[in-house]
Amino acid sequence: MADVPKREVENVEFVFEVMGSPGEGIDAVDLGDALRALNLNPTLALIEKMGGTKKRNEKKIKLDEFLPIYSQVKKEKEQGCYEDFIECLKLYDKAENGTMLLAELQHALLALGESLDDEQVETLFADCMDPEDDEGMIPYSQFIQRLMSDPVVFD
């Protein structure tokens, strides 16, 4: 059973119990959500590489197939951490006071990297964002803290 410690196997089993069907496993379209529920942060490209699909009911992933995927994704280096995200957002902090324009953050989320759509950005802001001030600025460190501590679920 892959090189996954017993405690982590129990966590994986719990995720499968919540997200999957008994005996069938989880739908491959939910692979990314399952990995994120286990505190991993895979890219969309990595999810696809590991067998994730874009359409529901194309493929099922059983527990014994998922454990090696989990183990491999856990070893990936390109997941980013709080400090990495803060360093990126400091590029937009013109006054060097821990704030940036909300519009710039919105643009970055919509246009750069693995971009989100408008509805996902609105959900993200509703769940993780402090209100902007009179000048349109937001404190970005609190945004990143909330984003990384509580996974945001997109419908």
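What counts and what doesn't
- Residues numbered from 1 in each chain as written.
- Predicted model: local features only at pLDDT ≥ 70, side-chain atom pairs only at ≥ 80, totals over all residues.
- Heavy atoms only, no water.
- Helix = DSSP H or I, 4+ residues; strand = E, 2+ residues; numbered from the N terminus.
- Buried < 20%, exposed > 50% of the residue type's maximum accessible area, 1.4 Å probe, protein only.
- Areas by Shrake-Rupley, 256 points an atom, 1.4 Å probe, with all protein chains shown as cover.
- Core = buried A, V, L, I, M, F, W, Y, C linked by side-chain atoms within 4.5 Å.
- Contact = heavy atoms within 4.5 Å.
- Phe/Tyr/Trp six-rings, centres within 6.5 Å; stacked < 30°, edge-to-face > 60°.
- Domains from an automatic or database assignment.
- Expected span 1.5 Å × (residues − 1).

A. Structural context of the overall build of the protein chain. Helix and strand counts for the protein chain stand at 8 helices and 4 strands. Start at the N end of the protein chain and walk to the C end: the helices and strands fall as α-β-α-α-β-α-α-β-α-α-β-α. Each principal axis of the C-alpha distribution contributes one length, and for the protein chain these read about 55 × 30 × 25 Å. Counting the 155 residues in the protein chain, one finds 34% classified as buried. When the accessible surface of the protein chain is totalled, it reaches about 10,000 Å², and 51% of it is carbon and sulfur.

B. Spotlight on the nonpolar core. Counting residues in each nonpolar core, the largest one holds 21 residues, and the members touching the most others are Val 12, Leu 31, Leu 35, Phe 66, Tyr 70 and Val 73. Sorting the residues of this core by element identifies helix H1 (6-19), helix H2 (31-37), helix H3 (44-49) and helix H4 (63-75) as the ones contributing at least two each. Counting residues per element, this core draws most heavily on H4, at 5 residues. Every residue in contact with Tyr 70, bar those within four places of it in the chain, is listed here: Val 4, Glu 8, Val 12, Leu 35, Leu 38 and Leu 40. Core analysis: the second largest hydrophobic core is formed by 14 residues, Ile 86, Met 100, Val 121 and Phe 125 among them.

C. A look at the packing of aromatic side chains. Tallied over the entire structure, the rule returns 3 aromatic pairs. With 5.1 Å between their ring centres and 65° between their planes, Phe 16 and Phe 66 make a pair best called edge-to-face. Here the residue Phe 16 occupies a position in helix H1, and Phe 66 occupies one in helix H4, the gap between them amounting to 50 residues. The same class applies to Phe 16 as to Phe 66, namely buried. Relative to Phe 143, the ring of Phe 125 lies with its centre 6.2 Å away and its plane at 75°, an arrangement referred to as edge-to-face. You can see Phe 125 sitting in helix H7 (residues 118-128) and its partner Phe 143 sitting in helix H8 (residues 140-149), a full 18 residues away along the chain. Take Phe 125: its relative accessible area is 10%, and that puts it in the buried class. Taken together, the aromatic side chains of Phe 16, Phe 66 and Tyr 70 make up a single cluster linked through ring pairs.

D. The domain arrangement of the protein chain, seen in detail. As far as domains go, the protein chain holds domain 1 (6-75) and domain 2 (82-148). Each of domain 1 and domain 2 has a C-alpha centre, and these two points are 28 Å apart.

E. Region of interest: H4. The terminal C-alpha atoms of H4, which comprises 13 residues, lie 19 Å apart, in line with the 18 Å expected from a rise of 1.5 Å per residue. Those residues of H4 that sit buried are Phe 66, Leu 67, Ile 69, Tyr 70, Ser 71 and Val 73.

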